Amino acid sequence: MKTIEVDEELYRYIASHTQHIGESASDILRRMLKFSAGQEAKTTPADAGAQVAAATAAEKAPVVAANTARDKVRAVRELLLSDDYAEQTKAVNRFMLILSTLYCLNPKEFAAATDSLHGRTRTYFAGDQQTLLQNGNHTKPKHVPGTPYWVITNTNTDRKRSMIEHIMQLMQFPQELTDKVCGTL
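Figured I'd write up the structure that's included with this text. Quick caveat: nothing in here was measured; it's all calculated off a predicted structure.

Parameters and conventions
- Residues numbered from 1 in each chain as written.
- Predicted model: local features only at pLDDT ≥ 70, side-chain atom pairs only at ≥ 80, totals over all residues.
- Heavy atoms only, no water.
- 1 Å grid on protein atoms, 1.4 Å probe; cavity = no way out; pocket = protein on both sides within 12 Å on 5 of 7 lines; lining within 4 Å.
- Points joined across faces, edges and corners; volume = space filled by probe spheres on them.
- Helix = DSSP H or I, 4+ residues; strand = E, 2+ residues; numbered from the N terminus.
- Nonpolar A, V, L, I, M, F, W, Y, C, P; charged D, E, K, R; others polar.
- Buried < 20%, exposed > 50% of the residue type's maximum accessible area, 1.4 Å probe, protein only.
- Contact = heavy atoms within 4.5 Å.
- Salt bridge = Lys/Arg side-chain N within 4 Å of Asp/Glu carboxyl O.
- Phe/Tyr/Trp six-rings, centres within 6.5 Å; stacked < 30°, edge-to-face > 60°.

**Regarding empty space enclosed by the protein**
Applying the stated rule across the entire model yields one cavity of 30 Å³ or more. If you go around the largest cavity, the residues you meet are Val76, Leu79, Leu80, Ile98, Thr101, Leu102, Met168 and Val181. Taken together, the elements giving at least two residues each to the lining of the largest cavity come down to α4 (68-81) and α6 (91-105). Looking at the lining of the largest cavity residue by residue, the classes come out as seven nonpolar, one polar and no charged.

**Let's talk about the side chain of Thr153**
As for its position among the elements, Thr153 is in the loop between β3 (150-152) and α9 (157-170). Using a relative accessible area of 9% as the deciding quantity, one classes Thr153 as buried. Non-local contacts of Thr153, meaning those with residues more than four positions away in its chain, are made with Val92, Met96, Thr139, Lys140, Lys142 and Lys160.

**Brief notes about the pattern of salt bridges**
Note on pairing: side chains with opposite charge can pair once their charged atoms come close. Applying the stated criterion across every chain yields a total of three salt bridges. Residue Arg74 pairs with Asp71 through a salt bridge whose shortest N-O separation is 3.6 Å. On the criterion of helical spacing, the pair formed by Arg74 and Asp71 is a turn pair, its members being three residues apart in helix α4. Under the relative-accessibility criterion, Arg74 is labelled partly exposed at 43%. Judged by its relative accessible area of 39%, Asp71 is partly exposed. Note that Glu109 is salt-bridged to Lys72, the shortest N-O span being 3.1 Å. Residue Glu109 is found in helix α7 (residues 107-115), and its partner Lys72 is found in helix α4; the two are separated by 37 residues along the sequence. In this structure Lys72 comes out as buried when scored by relative accessible area, which is 9%.

**Regarding the packing of aromatic side chains**
Enumeration according to the criterion identifies four aromatic pairs in this entry. Aromatic side chains Tyr103 and Phe110 sit 5.6 Å apart centroid to centroid with 90 degrees between the ring planes, which places their arrangement in the edge-to-face category. In this structure Tyr103 comes out as buried when scored by relative accessible area, which is 1%. Accessibility expressed as a relative area gives 0% for Phe110, which makes it buried. For the ring pair Phe110 and Tyr149, a centre distance of 5.3 Å and an interplane angle of 70 degrees mean the geometry is edge-to-face.

Below, the structure written as structure tokens:
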């Protein structure tokens, strides 16, 4: 396996195309490029230009689909029923799984929701660990898997519930589902 470096903007674009938790960047890129394992790369300059144009158009297109709200609800319900979620014995681990799922469902809405979420003296979300450490000595920042975000984790469970509720409300989830998710923390 080879390692490549990509800038933050490209990473977010790739991550925004995640279809399920745990999907690797390689899987996402293979799907986006319609490239299967063992296939020989045969791209002409014209093909490459068409792929870039298609990716650019897709990025600028409005994210509106008839089943988007239903799909988001289904994805969160599937998370709550998943073995991975059920196996978590600590609220902080369930909190991190919920955050990862919400980000994967709509990175732009997640970003807007977390930008407006902070305490009186603390920043709850940031793009790096240092920003969170600067706003408190004992914040215990953790990286939210599959996202470019870090979150403080030494808050009590009620605060974690409040954070999830805020994000889900701004992402326009039904209140019933929001309450159910918060109740599992």
